[in-house]
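Observations on chain architecture
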Amino acid sequence: MTSVQNERTPAAGRPTGRQALARALRDATYEILPFTSAEEKVLAHVPTDVALTVTTTEAKGLGPTIDLAVKLGEAGYRAAPHLAARQVRDRAHLEDLVARLREAGADSIFVIGGDAAEAGEYPDALSLLQALQEIGHPFSTVGVGGYPEGHGKISDELIEAALKAKAPHATQIITQLCFDGDTTVDWARTVAADGVGLPIRVGIPGAISRQKLIRVSAGLGLGQSAKFLSKQQNMLWRFFLPGGYSPNKLIERLTPAFARPDNNLSGFHVFTFNDLDSTEAWRQRWLAKLS
């Protein structure tokens with residue numbers, strides 16, 4: 001592991017980059033894929049104070065996502081399911097989902113548009129967020145997506161307008177993976193300058209090996225994994241470097257930005273690909289180093 005870069009002295013009352021990094025890693029959230037073995041791996045390797053999100057796929061639908069989020073909640077975790085708007089059929093379906101999560105005590109969700117070719121009553125994340133507000137949802141944390149490198153199928157102008165429209169219905173932004181720290185910081189500054197004041201969690205890869213990514217991709221199915229990877233610019237070749245990709249250099253590049261007031265960067269969201277033992281060991285090594 002390389003050393004944390006030198007930091008400028010922060011303004012009075014603001015943490016140093018090192019302090020802000022330690023706080024961001026302590027408060028990191030993990031993204032989990034709803035595979036059969038996921039619950040067992042979480043219980044074995046992840047402390048209950050680490051908040052989780054549970055992804056959804058077009059192929060499997062919302063069922064496995066909600067099921068896993070409920071089970072993890074029962075085990076003492078704070079687990080936020082991804083609610084993909086295009087997979088919610090109608091108002092009755094949405095009310096059923098909210099009722100089940102309310103009954104399970106879930107207080108967090110992450111709202112996305114989703115990739116389903118055909119949508120039900122809600123074609124995008126904004127329409128679902130508005131419907132959730134109309135029915136009086138119980139969730140104290142509502143995440144929406146951020147795209148530092150843009151979106152392959154939607155213009156930057158539309159993406160920016162959508163984020164501004166979604167912001168009043170949300171409590172945080174979670175970014176897609178971006179391997180360029182400068183791009184992420186510049187994007188976060190632009191978001192803040194546009195008047196969106198939501199805290200931003202930066203999506204970073206966990207400590208995942210190349211072999212693990214191959215197995216995960218096979219489990220998703222070729223079409224699903226290709227669709228996922230196609231959204232992440234430069235992701236494929238970076239993961240397939242010898243030995244896999246290490247997030248350490250990205251972490252170090254982002255460290256100074258966490259101590260600055262112009263970008264709303266507040267934490268990390270770790271895409272674990274369910275490689276939870278190595279990801280948690282990696283996080284603990286960083287925390288020990290920063291203590």
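In this section: the sheet that holds strand β6 (residues 172-175). Strand order in the closed barrel formed by eight strands is β1-β2-β3-β4-β5-β6-β7-β8, with parallel pairing between adjacent strands. Each adjacent strand pair in this sheet contributes to an overall mean axis angle of 30°, direction not counted.

The next subject is the environment of A259. Along the chain, A259 turns up in the loop between α11 (248-258) and β8 (265-271). Given a relative accessible area of 12%, A259 falls into the buried group. For A259 and Q19, which are 240 residues apart along the polypeptide, the C-alpha to C-alpha distance reads 8.2 Å.

So, on to helix α7 (residues 181-193). Since one α-helical turn is 3.6 residues long, residues separated by three or four positions face the same way. With 13 residues, α7 ought to run about 18 Å at 1.5 Å a step, and its terminal C-alpha atoms sit 18 Å apart, in line with that. Residues of α7 that are buried: G181, T184, V185, W187, A188 and V191. Take α7 and look down its axis: the buried residues cluster within an arc of 165°, on one side only. Those residues of α7 hidden inside the fold are in contact with β5 (141-146), α6 (156-166), β6, β7 (200-205), α11 and β8. Near the N-terminus of α7, the side chain that reaches the backbone nitrogen of D182, with its oxygen 2.9 Å away, is that of D180. Directly beyond the C-terminal end of α7, a positive phi value near 95° is found at G195.

Below, the discussion takes up the pairing of β7. With six of its six residues buried, β7 lies for the most part within the structure. Burial of β7 is two-sided: the residues I200, V202 and I204 facing one way and the residues R201, G203 and P205 facing the other way are all buried. Direction of pairing for β6 relative to β7: parallel, over a ladder of two bridges. In the strand pairing of β7, I174 is matched with R201. Since β6 and β7 lie parallel, the crossover through α7 that links them has a hand, and here it is right-handed. Here six bridges tie β7 to β8, and the two strands are oriented parallel to one another. Bridging from a neighbouring strand, G203 pairs with H269 of β8.

What counts and what doesn't
- Residues numbered from 1 in each chain as written.
- Predicted model: local features only at pLDDT ≥ 70, side-chain atom pairs only at ≥ 80, totals over all residues.
- Heavy atoms only, no water.
- Pairing = 2+ DSSP bridges.
- Helix = DSSP H or I, 4+ residues; strand = E, 2+ residues; numbered from the N terminus.
- Axes fitted to C-alpha atoms, helices over the stretch in contact; angles between N-to-C directions.
- Buried < 20%, exposed > 50% of the residue type's maximum accessible area, 1.4 Å probe, protein only.
- Expected span 1.5 Å × (residues − 1).
- Arc of directions from axis to C-beta.
- Contact = heavy atoms within 4.5 Å.
- Polar contact = N/O pair within 3.5 Å; in protein donor to acceptor, adjacent residues only side chain to side chain.
- Right-handed = clockwise from strand over helix to strand, strands pointing away.

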